[in-house]
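Coordinate analysis (summary)
Chain residues, written in single-letter form:
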Amino acid sequence: MVQGTAMERRGDGTWLLVTPGPLDVGAIEASLRDPLAGGICVFVGTTRQVTGSKVTEELRYEAFSEMALAEMGRLAREAQERWPVLRSALHHRTGTVAVEEASVAVGVSTPHRSEAFEACRFLIDRLKEVVPVWKKEVFADGRTEWVQPGR
Amino acid sequence: MVQGTAMERRGDGTWLLVTPGPLDVGAIEASLRDPLAGGICVFVGTTRQVTGSKVTEELRYEAFSEMALAEMGRLAREAQERWPVLRSALHHRTGTVAVEEASVAVGVSTPHRSEAFEACRFLIDRLKEVVPVWKKEVFADGRTEWVQPGR
Amino acid sequence: MVASPPVTVRLFSVLKDRTGMAVIELESGGVPTVAAALTVLGERYPVIAEYRRWIRPAINLSYADEASPLSPGDELALITPVSGG
Amino acid sequence: MVASPPVTVRLFSVLKDRTGMAVIELESGGVPTVAAALTVLGERYPVIAEYRRWIRPAINLSYADEASPLSPGDELALITPVSGG
């Protein structure tokens, strides 16, 4: 799988990143600080070793990076329209992501905590529906399989 | 206000901290990594500068630290009973917390994302109800006021 | 005759500010319950009587209630409405 | 006569693996719509016909649909069910 290079976009209090490197949740949280914020909610998706009877060795992610950034930007704007989002961040890793490592991290800051949870949940749910990223499971027995929800 | 010293407890996948020092969200997130986790949710509460017409200069937190640790431990266990929580962290800062800085951070890791959001929300909501910590608002005009919900 | 250890009362936040006290020791024989301790304290410190309806008592780091018995050596904390987070 | 720029088709994930192609260029005159492009591609690569009902087309980085028109120079991406996160 091609590793690719990082693509990044910042502006309007939004930090978008598609990168083959590890995700930095501390930096994401720092980027969300805002004098009008009372709450920050961050969700991080990590590679899980066991799903039912299957043992995952690692995940390999492929992204259509330019469009992934564009879709993530659209989601950030949609969240801003629905909740009083002050800042947001959507980061996705590409390439091989080992067990326990982070493939995705999204976060928002808002004046109060309810809306932080709601907007963060919205971003990760929608990201999984529309952002053009695909994962291939690599199982402990050596088999590999593209994950294709609904297919 | 007395600054106090840090009190910490670790065990059962739970990291509890009451500290006069800054909170380290990167370290919290790292502590939540688990091979069985698919999702990590972290909530961070920060000092908001503006509430209605009031301008906050800083918040000053006082904790009954020994009991705060005990209550945070009970909340972590209660979350473990209600959701498949793998690891959790509850950290609260004491003393002066400037605008944009974090006073509280709670996080959990779980196999799937829904339960991570639910358990994290439960922990911060209950923490605000039962953990013996009090904040004093210091307004820009120099007035101070203990925040006493329901009083 | 050896004296029983006292009940140690701990105050925080507004009660500590307004009484000027962080710790008060009560002779344990006179305060068999939390309610009795609050009455004794309220007579000595009017602000404790004023706040009594909002105080959640805690004994030895766990929430209790006014009917809870106190034993010599117990630590009684007067928890006014919390505002952490 | 100057030739029109082609429509550039981008493939990912399972379609890239099974066709062995990441980019395919189509003469734009023959594919006035996404549907026409998918038909042409499906004839050349059976896996694209097989996946057609699950493909969400995107034109120039935005989701579109089969009825969407294609212009010379457009980039058409074939987005199979995504599984990021």
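Just so we're clear, the structure is a prediction, and the values are computed from it rather than from any experiment. (Residues numbered from 1 in each chain as written. Chains lettered and ligands numbered in written order. Predicted model: local features only at pLDDT ≥ 70, side-chain atom pairs only at ≥ 80, totals over all residues. Heavy atoms only, no water.)

A look at the overall build of chain A
In plain terms, the rule: Strands here are runs of E lasting at least two residues and helices are runs of H or I lasting at least four, both read from the DSSP assignment and numbered beginning at the N terminus. Restricting the calculation to C-alpha atoms gives the radius of gyration, and the globule rule supplies 2.2 Å times the number of residues raised to the power 0.38. Throughout, exposure labels follow a simple rule: accessible area from a 1.4 Å probe, protein chains only, divided by the maximum for the residue type, with under 20% read as buried, over 50% as exposed, and the rest as partly exposed. For the area figures, the Shrake-Rupley method with a 1.4 Å probe applies, and any residue is considered shielded solely by the protein chains shown. Charged-residue counts in this description rest on Lys and Arg as positive and Asp and Glu as negative, His and the chain ends being excluded. Where a charge lies is defined by one atom per residue type: Lys uses NZ, Arg uses CZ, Asp uses CG and Glu uses CD.
Each helix and strand counted, chain A has 3 helices and 10 strands in total. Overall, chain A shows an N-to-C arrangement of helices and strands of β-β-α-β-β-β-α-β-β-β-α-β-β. In terms of C-alpha radius of gyration, chain A reaches 16 Å, essentially the compact-globule figure of 15 Å for 151 residues. Taken along its principal axes, the extent of the C-alpha atoms in chain A is 50 × 30 × 30 Å. Expressed as a percentage of the 151 residues in chain A, the buried residues total 58%. Counting only carbon and sulfur atoms, one obtains 46% of the accessible surface of chain A, whose full area is about 5800 Å². The distance from the centre of the 19 positive side-chain charges to the centre of the 21 negative ones in chain A is 2 Å.

So, the arrangement of the chains
Defined as follows: We call two residues in contact when some of their heavy atoms are within 4.5 Å.
Out of 3 pairs of chains that touch, the pair holding the most contacts is chains A and B. Structurally, chain A and chain C remain out of contact, their C-alpha atoms never closer than 10 Å. One thing to see here is that chain B and chain D don't touch, and their nearest C-alpha atoms sit 10 Å from each other.

Observations concerning the sheet that holds strand S5 (residues 75–79) of chain D
Residues and elements named next belong to chain D. Inclusion rule: Pairing between strands is defined by DSSP: at least two bridges between them are needed.
Spatially, the 5 strands line up as an open sheet ordered S2-S1-S5-S3-S4, and their pairing is mixed. Taken across any chain shown, the strands that pair with only one partner, and hence form the sheet edges, are strand S2 (23–26) and strand S4 (62–63). Alignment of strand S1 (residues 7–10) against S2, held across 4 bridges, turns out to be antiparallel. Residue pairing for S2: Thr 8 is matched across the bridge by Glu 25.

Some thoughts on the pairing of S5(D)
Residue and element names in this part refer to chain D. Judged by how many residues are buried, S5 sits mostly within the fold: 5 of 5 residues are covered. Burial of the side chains of S5 extends over both faces: Glu 75, Ala 77 and Ile 79 are buried on one face and Leu 76 and Leu 78 on the other. Inspection of the sheet shows strand S3 (residues 56–59) paired to S5 by 4 bridges, in the antiparallel sense. Note that in S5 the partner of Arg 56 across the bridge is Ile 79.

Topic: the confidence of the model for chain C
Our working rule: pLDDT gives the predictor's per-residue confidence on a scale running from 0 to 100.
Per-residue confidence for chain C gives a mean pLDDT of 97, with 98% of residues at or over 70. ipTM for the predicted complex: 0.95, alongside a pTM of 0.96.

Quick look at the packing of helix H2 (residues 65–82) of chain A against helix H3 (residues 113–130) of chain A
All names here are of chain A. Short version of the rule: Orientation is described by axes fitted as lines to C-alpha atoms, over the contacting stretch for helices, and by angles from 0 to 180 degrees between their N-to-C directions. In this scheme, a crossing is called left-handed if the near helix is turned counterclockwise away from the far one by less than a right angle; it is called right-handed if the turn is clockwise. When residues are grouped by polarity, Ala, Val, Leu, Ile, Met, Phe, Trp, Tyr, Cys and Pro land in nonpolar, Asp, Glu, Lys and Arg in charged, and all others, Gly among them, in polar.
For the pair H2 and H3, interaxial distance at closest approach is 10 Å and the crossing angle is 145 degrees. The interaxial crossing formed by H2 with H3 has right-handed handedness. Here H2 contributes Glu 71, Met 72, Leu 75, Ala 76, Glu 78, Ala 79 and Arg 82 to the contact with H3, which in turn contributes Phe 122, Leu 123, Arg 126, Leu 127 and Val 130. Taken together, the residues of the contact of H2 with H3 break down into 8 nonpolar, no polar and 4 charged.

What about helix H2 (residues 34–44) of chain D?
All names here are of chain D. What counts, and what does not: This arc describes the spread of directions from the helix axis toward the C-beta atoms.
Those residues of H2 that fall on the buried side of the exposure criterion are Val 34, Ala 37, Leu 38, Leu 41 and Gly 42. Taken around the axis of H2, the buried residues stretch over an arc of 130 degrees, which confines them to a single face. Those residues of H2 that are buried are in contact with S1, S2, helix H3 (46–51), S3 and S5.

As for the pattern of salt bridges
Using the following cut-off: The working definition used for a salt bridge is a side-chain nitrogen of Lys or Arg within 4 Å of a carboxyl oxygen of Asp or Glu.
This model, assessed by the stated rule, comprises 36 salt bridges over all chains. Beyond isolated ion pairs, a larger network of salt bridges with shared partners links A:Glu66, D:Arg10 and D:Glu75.

Points about the interface of chain B and chain A
Test applied: For any pair of parts, buried area is found by adding up, for both, the accessible area (1.4 Å probe) each one loses once the two are put together. Under the rule applied, a polar contact is a pair of N or O atoms within 3.5 Å (in protein, one hydrogen donor and one hydrogen acceptor; residues adjacent in sequence only if both atoms are side-chain atoms).
Each partner contributes to the interface: chain B provides 36 residues, whereas chain A provides 36 residues. A combined buried area of about 3100 Å² lies between chain B and chain A, and 54% of that area is made up of carbon and sulfur atoms. Inspection of the chain B/chain A interface yields 2 salt bridges. Salt-bridge contacts for A:Arg113 lead to B:Asp125; the nearest nitrogen and oxygen are separated by 2.8 Å. Counting across the interface, chain B meets chain A through 19 residue pairs in polar contact (both at pLDDT 80 or more). Counting only elements with at least two residues in the side of chain B that touches chain A, the list comes to helix H1 (25–32), strand S3 (39–46) and helix H3 (113–130) of chain B. Here the side of chain B that touches chain A takes 9 residues from H3(B), the largest share from any one element. Taken together, the residues of the side of chain B that touches chain A break down into 17 nonpolar, 9 polar and 10 charged.

Looking at unusual backbone geometry
Excluding glycine, residues mostly carry a negative phi; peptide bonds, for their part, are mostly trans. The phi dihedral of B:Glu100 falls on the positive side, at around 80 degrees, and the residue is not glycine. We classify B:Glu100 as partly exposed; its relative accessible area is 28%.

Observations concerning the interface of chain D and chain A
Taken together, the contacts link 23 residues of chain D with 28 residues of chain A. For the pair chain D and chain A, the summed buried surface comes to about 2200 Å²; carbon and sulfur atoms form 54% of the total. Summed over the shared surface of chain D and chain A, the number is 4 salt bridges. Viewed at the interface, chain A and chain D are joined by 22 residue pairs in polar contact (both at pLDDT 80 or more).

Focus: the relation of the copies chain B and chain A
We apply this condition: Here the copies are matched by least squares. The fit uses the C-alpha atoms of residues with pLDDT of at least 70 in both.
Expressed as a screw transformation, the operator carrying chain B onto chain A has a rotation angle of 180 degrees and an axial translation of 0.0 Å, and the superposed copies differ by an RMSD of 0.0 Å. This pairing of chains is accounted for by a two-fold axis. Among all C-alpha atoms of chain B, that of B:Gly26 lies closest to the rotation axis, at 2.0 Å. Residue by residue, 100% of the interface of chain B is reproduced at the interface of chain A, so both copies engage with the same surface.

A closer look at the environment of D:Pro6
All names here are of chain D. Topologically, Pro 6 is positioned in the segment before S1. Taking the C-alpha atoms as reference points, Pro 6 and Thr 19, 13 residues apart in sequence, are found 20 Å from one another. For Pro 6, the residues in contact, after removing those within four places along its chain, are Glu 25, Leu 26, Ser 28, Pro 72, Gly 73 and Asp 74.

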